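Notes for the structure review
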Amino acid sequence: MNAEQAPLADRFRPRALSEFAGQLHLVGEGKPLRAALEGGRIHSMVLWGPPGSGKTTLARLAAKTTEADFIGISAVLAGVKDIRAAVDAARSNREVGRPTVLFVDEVHRFNKAQQDAFLPHVEDGTIVFIGATTENPSFEVNSALLSRARVYVLNPVESSAIEQVLERALHDRERGLGRHGFVMDSADRDRVVEAADGDVRRALNALELTAELAMQAGEKRLESEFVSEALTGGTYRRFDKGGDAFYDLISAVHKSIRGSNPDAALYWTGRIFDGGGDPLYVARRLVRVASEDIGNADPRALRIALDAWEAYQRLGSPEGDLAIAQAAVYLACAAKSDAVYTGFGTAMGDVRRHGSLPVPLHLRNAPTSLMRDLGYGRSYRHAHDEAEGYAAGETYLPDRLAGRRYYAPVARGLEIRISEKLARLRELDRAAKEFSRKENPDA
């Protein structure tokens, strides 16, 4: 394929750091990475960022700027043979004093053994390793390899930077579309920028397809209808259904509800649905939110979350989407309490810390005469037979944990009433203990 036949996104790949779009926090004037590369110093690194943010381009520019040989492999396609061939080539380069950049695209696809294969060659300087990944390297890249490389986070490219790239591509006669004399309204260009969603490659592909449609129609103006047709066919919002982007969105839904912001809860829920996320996963998270962040401040929240889950199972999309959205809004507006969540966590801590403390004899079941003879169930007071339906002064925890409190209702929603009820019962306990001391002063 000659240069003119290559896709526009490939032809228009930056040739120098000055042409690189966005990521000014990494390659802007005076930034450490840019200074290192321009000073001929290169080091192993992992480039973590979304598609189209410039990971491959930055790796190529790093090699070019430092006059290193660039060897690129894809973790999806490469095997042990490819790795060995790359290392052999790097050894040959080293003999003549030339550094080698081994670029591994989608490095998270390599297993642990494959990633470990790079380690000795990175350590002895045979290769400079640059890995690119869309997944969190903390989880997907071996710690041994990660410790020998610096991680650089690339962000979605800003709209203003993508706009500049499109303008250059439209008018560049050497590598872009300039020789065709196309004209494009700023409003249509902005539509392409918006649809690109921070992905430069996607923007250039959309521009190229728009230009092809215009050429087929014999037009020089890239009309709105051509742009619309080029942008037809699929979502343009960033979503990965199982990686960081997905869990970031789920986290945003949860935290928006916890923060009592129904508008944000609707927006982030909509982002997940728009990206093809599983609505049932959202429904399950809402059930969790209802217990973790609302609890007994509004016990109806749990039922509403479960109803939304069931409604979606019965209706599917898009009808069932609304039930989940309704539940998200209700949960966001409900009174909040994490008292059960916190109390249960503390109780579980005591369970683990104190081991298998015995159940007090008066709380044990006594279905046989032997068990009764051993004192099982003896002196147990049936609460329904007591005044106010409460056995004042009775104990229910193991002796070692007597008086321990786990549940502390907050002053919101129904837990206000619960707190009042518990305060009344504790007052009865205190009165019962005081009475017991007076009746049995020697006990």
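Structural notes, computed from the coordinates. (Residues numbered from 1 in each chain as written. Predicted model: local features only at pLDDT ≥ 70, side-chain atom pairs only at ≥ 80, totals over all residues. Heavy atoms only, no water.)

1. Quick look at the overall build of the chain
Stated formally: The numbering of helices and of strands both runs from the N terminus, where a helix is a DSSP run of H or I of at least 4 residues and a strand a run of E of at least 2. The atom set for the radius of gyration is the C-alpha atoms, and the globule formula is 2.2 Å times the number of residues raised to the power 0.38. Per-residue accessibility, obtained with a 1.4 Å probe over protein chains only, is compared with the maximum for each type, and a residue is labelled buried under 20%, exposed over 50%, and partly exposed between these values. Note on contacts: a residue pair is in contact if any heavy atoms of the two residues lie within 4.5 Å. For the area figures, the Shrake-Rupley method with a 1.4 Å probe applies, and any residue is considered shielded solely by the protein chains shown. The positive count covers Lys and Arg only, the negative count covers Asp and Glu only, and His and the chain ends enter neither. To locate a charge, take atom NZ for lysine, CZ for arginine, CG for aspartate or CD for glutamate.
Broken down by element type, the chain carries 21 helices and five strands. For 443 residues, the compact-globule estimate of 2.2 N^0.38 gives 22 Å, and the chain exceeds it by more than 25% at 32 Å. In terms of overall dimensions, the chain has a C-alpha envelope of 105 × 55 × 40 Å along the principal axes. The buried share among the 443 residues of the chain stands at 41%. By sequence separation, contacts in the chain at least 24 residues apart represent 72% of the contacts at least 6 residues apart. For the chain, the exposed area adds up to about 24,200 Å²; of that, 51% sits on carbon and sulfur atoms. Averaging the coordinates of the 59 positive side-chain charges in the chain and doing the same for the 62 negative ones gives two points 5 Å apart.

2. What about the packing of helix H16 (residues 279–294) against helix H18 (residues 319–333)?
This is how it is decided: Orientation is described by lines fitted to C-alpha atoms, with helices fitted over the stretch in contact, and by angles between N-to-C directions that extend from 0 to 180 degrees. If an angle is under 35 degrees, it is roughly parallel; if it is over 145, roughly antiparallel; if it lies from 65 to 115, roughly perpendicular; otherwise it is oblique. Take the far helix as your reference; a near helix turned counterclockwise from it by less than a right angle gives a left-handed crossing, and one turned clockwise gives a right-handed crossing. Charged residues are taken to be Asp, Glu, Lys and Arg, nonpolar residues to be Ala, Val, Leu, Ile, Met, Phe, Trp, Tyr, Cys and Pro, and polar residues to be all remaining types, Gly included.
Two numbers describe how H16 lies on H18: the axes approach to 10 Å, and their chain directions differ by 20°. The angle between H16 and H18 places the two elements in the roughly parallel class. In the packing of H16 onto H18, the handedness of the crossing is left-handed. Between H16 and H18, the residues in contact are Pro279, Val282, Ala283, Leu286, Val289, Ala290 and Ile294 and Asp321, Ile324, Ala327, Ala328 and Leu331, respectively. Split by residue class, the contact of H16 with H18 holds eleven nonpolar, no polar and one charged.

3. Points about the pattern of salt bridges
Two side chains that carry opposite charge are able to pair once their charged atoms sit near each other. We count it as follows: Salt bridges are counted wherever a side-chain nitrogen of Lys or Arg sits within 4 Å of a carboxyl oxygen of Asp or Glu.
Applying the stated criterion to the full structure yields 28 salt bridges. Asp88 is the salt-bridge partner of Arg91, the closest N and O atoms lying 3.4 Å from each other. With Arg91 and Asp88 both in helix H5 (residues 80–95) and three residues apart, this pair spans about one turn of that helix. Judged by relative accessible area, which is 43%, Asp88 ranks as partly exposed. Put simply, Asp350 and Arg404 hold a salt bridge, and the shortest N to O gap is 2.9 Å. Highlighted residues: Asp350 in helix H19 (residues 339–354) and Arg404 in the loop between helix H20 (369–373) and helix H21 (415–439), separated in sequence by 54 residues.

4. Some points on the environment of Leu302
By the element assignment, Leu302 lies in helix H17 (residues 300–315). Along the sequence, Leu302 and Ala327 sit 25 residues apart, while their C-alpha atoms lie 9.5 Å from each other. If near-sequence neighbours (up to four positions away) are discounted, Leu302 is found in contact with Val287, Ala290 and Ser291.

5. Some remarks on unusual backbone geometry
A cis amide bond links Ser317 to the next residue, Pro318, at an omega of 0°. One can find Pro318 in the loop between H17 and H18. If you check the backbone angles, Glu67 has positive phi at about 55° while not being a glycine. Tracing the chain through its elements places Glu67 in the loop between helix H4 (55–65) and strand E2 (69–74). Backbone geometry places Glu388, a non-glycine residue, at a positive phi of 60°. Secondary-structure assignment places Glu388 in the loop between H20 and H21.

6. What about the side chain of Asp293?
Of note, Asp293 is situated in helix H16. Residue Asp293 is classed as buried on the basis of its relative accessible area of 6%. When sequence neighbours within four positions are dropped, the list of residues in contact with Asp293 reads His254, Arg258, Lys336, Ser337 and Asp338.

7. Observations regarding the nonpolar core
Short version of the rule: By convention a nonpolar core is built from buried Ala, Val, Leu, Ile, Met, Phe, Trp, Tyr and Cys residues, the set being connected through side-chain atoms within 4.5 Å.
Counting residues in hydrophobic clusters, the biggest one holds 31 residues, and the most contacted among them are Ile162, Leu166, Leu204, Leu207 and Leu222. Considering each element in turn, this core owes the most residues, eight residues, to helix H12 (residues 200–216). Val253, Ile294, Ala327 and Ala332 belong to the second largest nonpolar core, which has 26 residues in total.

8. Description of the packing of H17 against H18
Helix-helix packing: each pair is described by the crossing angle between the helix axes and the interaxial distance. Here H17 crosses H18 at 170°, and the two axes come no closer than 7 Å. One element, H17, and the other, H18, form an angle in the roughly antiparallel class. Every residue of H18 that contacts H17 at Arg300, Ala301, Ile304, Ala305, Ala308, Ala311, Tyr312 and Leu315 is listed here: Glu319, Gly320, Asp321, Ala323, Ile324, Ala327, Tyr330 and Leu331. Across the contact of H17 with H18, the residue classes break down as twelve nonpolar, one polar and three charged.

Treat this as a map of the structure, not an account of what it does.
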